[in-house]
Amino acid sequence: MAVYDQMNERQKEAMLCTEGPELILAGAGSGKTRVLTHRIAYLISGKNVRPWHIMAITFTNKAAGEMRERVDRLVGEGAEQVWVATFHSTCVRILRRFIDRIGYDSSFTIYDTDDQKTLMKQVFKELNIDTRTMKERNVLARISAAKNEMTGPEEFRKQAENYYDEKAADCYERYQAGLRKNNALDFDDLLVKTVQLFRAAPDVLDYYQERFRYIMVDEYQDTNTVQFCLVELLAKKYGNLCVVGDDDQSIYKFRGANIRNILSFEEAFPGAHVVRLEQNYRSAGNILDAANEVIRNNRGRKEKHLWTEEEKGELVHVRRFETAREEASGVIGEIARRARNGEYRKYAVLYRTNAQSRLLEEQCVTRGIPYQLVGGVNFYQRKEIKDILAYLRTIANGRDDMAVRRILNVPKRGIGAATADRAGQFAAAQGLSFYDALTKLPALGTLGRAGDKIRRFTEMIEGFREKSRELPLGELIRTVADESGYLDELREEGEIEAQTRTENIQELIAKAMTFDRDGADPADAFEDGLPADRPALDRFLEEVSLVADIDRMDDSAEKITLMTLHAAKGLEFEEVYITGMEDGLFPGSRSLNDPEELEEERRLCYVGITRAKKRLTLTCAKTRITNGEQRWNQDSRFLEEIPERLKDAAGGAAPSRPSAELRSFGFSGAGTAKNTARPKASEIFGKAAAFGKQFQVVKADRLDYTVGDRVKHARFGEGVVEKIEDGARDYEVTVRFDSHGVKKMFAGFAKLQKL
DNA sequence: TCGAGAATTGTTTTT
DNA sequence: CAATTCTCGA
């Protein structure tokens, strides 16, 4: 078959070995996705395996989506029956159908990190734990680690060695009880409960073993112990397990990834067929050599040597700057100069920590360069989005106490903490959910005025419930945002940040409209045991709870991509800049005296280098401000690990003075919009008015007030205009209010009246 | 009940 | 530095 001819011998070997355990050690850029997808095609057309029996598991929705697309193209008919999904969504689907077997309700909600933290705060309060002695985050991290190792609360307690361990065990116990009470699972539970289910219900396990006779796992080096158990259980019956990974790209140890899963695969699955893919099709020779030189400093890895038929290409460019700001300016400036015809899509700027993105972003904004920021605050974690989603969760399912509490007084309804606590106690005493307590409480007449307010709230929710049955999702969300008064409250704030929030809600509505139109993810189109008539609202909430930030990356737009090295795994770009190559930053200070940690950092560096196809630039700054403190760093040891012959000497030595050009572009800190919600400039300019016309603000030709005029604002009262800046989209007006201080806002949004 | 200002705290990396 | 949490006054 013609499609197979373009594959090299090793790739063919990997593809043709379909029975029994197989380990594919796929170096960076060696075409592993191609092997996986072709292997699926071969199973179907060459081995007559029914698509229904094939499963491919990935870590991110993005990877799953790409795989699905390629399988669809390759296989055609029946491709939709292949199960392509992430670990988490696989587990959710299994649990939705069978979790009642282990005593949960199938309408469980999924807690994200914020929800977890909120719950843990409650636990701390119950146990009278002072947050100065222990941190919620820290305890949650320990619980997560325990869950990854499938250690329950009892066993966790047994392993306790001191007072703090005991306390953490108490927390674990209470935390689990809290989840249970709210009919909720956290991310780790999705995996753990699925394994528990399989162990408790052999018939269910058997059902899925029969279904998934051929299993493939991508990025296997990132699996943790639960995931290993899950895969092992599923594959036990037929034994057709194919895992693909690269131990050199294992960068998620902090998340429980167990590198032993890949290093000892052959012990766990005796007789495993091992294939090494070492020919790289991505990077130019010098870049690949640099990657090899860096990674060879690691011990405890499967020896391999990537090679390429590509030419050597350019040397690796190394640039040193005086300060982090000059670094950002230098990098973005160079990209601006190099990008002909606005081909920004070719460029990625990578960094170790999210905090580093700020300076880069500023540079893009001031130079008017389109960019895309991946990471940072996930869209679905933004406050306004979580608020609206909490409404939806309340409408979909009144048992989600956390969601109800969140919106009870948002927007302000005069229902304060005291009243909420009262309802909480009532709920606990009566064994009711928080929401049910709210519906019953006013009738008792013990609340006085607050009773009316609560009644109005529950009536509103009931009204939304009615509407949710007839309205499409997008309309429903718009109605909720509008009629709850949420938008009004935002609008009244008038500030730039509020504008961004409104836009985010608009974006959510747009997403819901797409969802209305296309239905849920295509994999849902075939029967997997779930009732086909699950309300769109439920399916939407579910999909939304499992999206990662990388999933939202748009690789078709002409924008520079800014993201962390972690987020870059699995991607490739023509030209890559890795910034902040400094000891203490990358490798991070934590890893400087821990050899194991240092190796993980080095793998991260390897991942970063191998993202580049044609051109790689490594930059560092002598000094940068971290945590409000100026730090001086040495060059990264990883820079030294790349031999001189591979590095561009010109940039290597010259400690650059800021050129005139750079200075003229300099950032005049004073006039910068300061907004925590950080609008993405590129999106602001790019987004059309297709959705939610009612939110749209049109830039006026001119304003009827000017600097020095007295104006009136709906909420802040009267004040004096101090400054008007002509922004690209709207005038930004700075006003000193008599009683509310100085505020900066968009003119069209704030609706100021001249007095 | 709620806002504003003060104090405090924190940095990897994320499904 | 910036985001979150705390405290106090009305």
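Residues numbered from 1 in each chain as written. Chains lettered and ligands numbered in written order. Predicted model: local features only at pLDDT ≥ 70, side-chain atom pairs only at ≥ 80, totals over all residues. Heavy atoms only, no water.

A separate point is the overall build of chain A. A tally of regular secondary structure across chain A gives 33 helices and 21 strands. Looking at chain A as a whole, 55% of its 755 residues are labelled buried. A separation threshold of at least 6 residues defines the contact pool for chain A, and within that pool the share at least 24 residues apart is 75%. Summed over all atoms, the accessible surface of chain A reaches about 33,700 Å², with 48% contributed by carbon and sulfur. (Helix = DSSP H or I, 4+ residues; strand = E, 2+ residues; numbered from the N terminus. Buried < 20%, exposed > 50% of the residue type's maximum accessible area, 1.4 Å probe, protein only. Contact = heavy atoms within 4.5 Å. Areas by Shrake-Rupley, 256 points an atom, 1.4 Å probe, with all protein chains shown as cover.)

Here we have six strands laid out as an open sheet, ordered E3-E2-E6-E7-E1-E8, and parallel in their pairing. Of all the strands in the sheet, the pair left with one neighbour each is strand E3 (83–86) and strand E8 (273–277). Shown here is a sheet whose adjacent strand axes are inclined to one another by a mean of 15°, direction ignored. In terms of strand pairing, strand E2 (residues 54–58) meets E3 through four bridges, oriented parallel. (Pairing = 2+ DSSP bridges. Axes fitted to C-alpha atoms, helices over the stretch in contact; angles between N-to-C directions.)

The next point concerns the packing of aromatic side chains. Taken as a whole and assessed by the stated rule, the structure comprises 16 aromatic pairs. Their ring planes at 75° and their centres at 5.1 Å tell us that Trp83 and Phe212 sit as a pair that is edge-to-face. In this pair, Trp83 is assigned in strand E3 and Phe212 in the loop between helix H11 (202–211) and strand E6 (214–217), connecting sequence segments 129 residues apart. In terms of burial, Trp83 and Phe212 fall into one category: buried. For the pair Tyr208 and Phe212, a centre-to-centre distance of 5.9 Å together with 20° between the ring planes defines the contact as stacked. This pair shows no difference in class: Tyr208 is buried, exactly as Phe212 is. Here the aromatic cluster, defined as three or more aromatic residues joined through ring pairs, consists of Trp83, Phe98, Phe198, Tyr207, Tyr208 and Phe212. Positioned above the aromatic ring of Trp83 is the side chain of Arg93, whose terminal nitrogen or guanidinium carbon lies 4.2 Å from the ring centre. (Phe/Tyr/Trp six-rings, centres within 6.5 Å; stacked < 30°, edge-to-face > 60°. Lys NZ or Arg CZ within 6 Å of the ring centre and 35° of its normal.)

Okay, the packing of helix H2 (residues 9–16) against helix H3 (residues 32–45) next. Running from amino to carboxyl end, H2 crosses H3 at an angle of 45°, the nearest separation of the two axes being 8 Å. Compared by their axis directions, H2 and H3 come out oblique. Judged by the twist between their axes, the crossing of H2 over H3 is right-handed. Here Gln11, Ala14, Met15 and Leu16 of H2 lie close against H3, whose contacting residues are Arg34, Val35, His38, Arg39 and Tyr42. Tallied by class, residues from the contact of H2 with H3 come to five nonpolar, two polar and two charged. (Parallel < 35°, antiparallel > 145°, perpendicular 65-115°, else oblique. Left-handed = near helix turned anticlockwise from the far one by under 90°. Nonpolar A, V, L, I, M, F, W, Y, C, P; charged D, E, K, R; others polar.)

Here we come to the state of the cysteines. Evaluation of the coordinates by the stated rule reveals zero disulfides. Free cysteine: Cys17, not disulfide-bonded; nearest cysteine sulfur from Cys242 at 7.5 Å. By relative accessible area, Cys17 is classed as buried at 14%. On the basis of relative accessibility, which here comes to 0%, the residue Cys242 falls in the buried class. (Disulfide = S-S within 2.5 Å.)

Right, let's get into the pattern of salt bridges. Inspection of every chain in the model, using the stated rule, returns 71 salt bridges. Linking Glu293 and Arg645 is a salt bridge whose minimum nitrogen-to-oxygen distance equals 3.5 Å. Within this pair, whereas Glu293 is found in helix H15 (residues 285–295), its partner Arg645 is found in the loop between helix H29 (637–641) and strand E16 (647–648), the two being separated by 352 residues in sequence. Overall, Glu293 belongs to the buried group, its relative accessible area being 18%. (Salt bridge = Lys/Arg side-chain N within 4 Å of Asp/Glu carboxyl O.)

Taken together, 27 residues form the shell around DNA strand B, and within it Phe59, Lys135, Arg352, Asn354 and Arg590 come nearest. The sugar-phosphate share of atoms of DNA strand B within 4 Å of the protein amounts to 60%. Arg137 places a polar side-chain atom, nitrogen or oxygen, 3.0 Å from a phosphate oxygen of DNA strand B. At the level of secondary structure, the elements contributing two or more residues to the surface near DNA strand B comprise helix H20 (417–430) and helix H28 (595–609). For the surface near DNA strand B, the element with the highest residue contribution is H20, accounting for three residues. (Near = heavy atom within 4 Å. Polar contact = N/O pair within 3.5 Å; in protein donor to acceptor, adjacent residues only side chain to side chain.)

Before going further, it helps to examine the side chain of Thr394. With respect to the element layout, Thr394 can be found in helix H18 (residues 383–396). Residue classification places Thr394 among the buried residues on the basis of a relative accessible area of 0%. The contacts of Thr394, once residues within four sequence positions are left out, are Ala403, Val404, Ile407, Tyr435, Ile461 and Arg465.

For strand E12 (residues 560–564), a buried count of five out of five residues is recorded, marking the element as mostly surrounded by other parts of the structure. Of the two faces of E12, the one holding Ile560, Leu562 and Thr564 and the one holding Thr561 and Met563 are both buried throughout. Of the strand pairs in this sheet, strand E10 (residues 347–351) and E12 are connected by four bridges, and their pairing is parallel. For Tyr351, the partnering residue across the bridge sits in E12 and is Thr564.

Now for the environment of Gln122. As for its position among the elements, Gln122 is in helix H6 (residues 113–126). Distance from Gln122 to Ser433, taken between C-alpha atoms, is 16 Å for residues 311 residues apart in sequence.

Attention now moves to the packing of H6 against helix H9 (residues 163–181). At a minimum axis distance of 9 Å, the contact between H6 and H9 shows a crossing angle of 125°. As the angle between them shows, H6 and H9 are arranged oblique. As H6 runs across H9, the sense of the crossing is right-handed. Between H6 and H9, the residues in contact are Gln116, Leu119, Met120, Val123, Phe124 and Glu126 and Cys171, Arg174, Tyr175, Gly178 and Leu179, respectively. In terms of residue class, the contact of H6 with H9 is built from seven nonpolar, two polar and two charged.

A cis amide bond, omega -5°, links Val410 with the succeeding residue Pro411. Of the consecutive residues Phe586 and Pro587, the connecting peptide bond is found in the cis state with omega at 5°. Among the secondary structure elements, Pro587 is positioned in the loop between strand E13 (573–578) and H28. One non-glycine residue with positive phi stands out, namely Asn183, at about 55°. Of the residues examined, Asn183 reaches a relative accessible area of 5% and is grouped as buried. Here the phi dihedral of Asn627 falls at roughly 55°; this positive angle occurs in a residue that is not glycine. Take Asn627: its relative accessible area is 74%, and that puts it in the exposed class.

Most of H15 is tucked away, with ten of its eleven residues classed as buried. Buried within H15 we find Gly285, Asn286, Ile287, Leu288, Ala290, Ala291, Asn292, Glu293, Val294 and Ile295.

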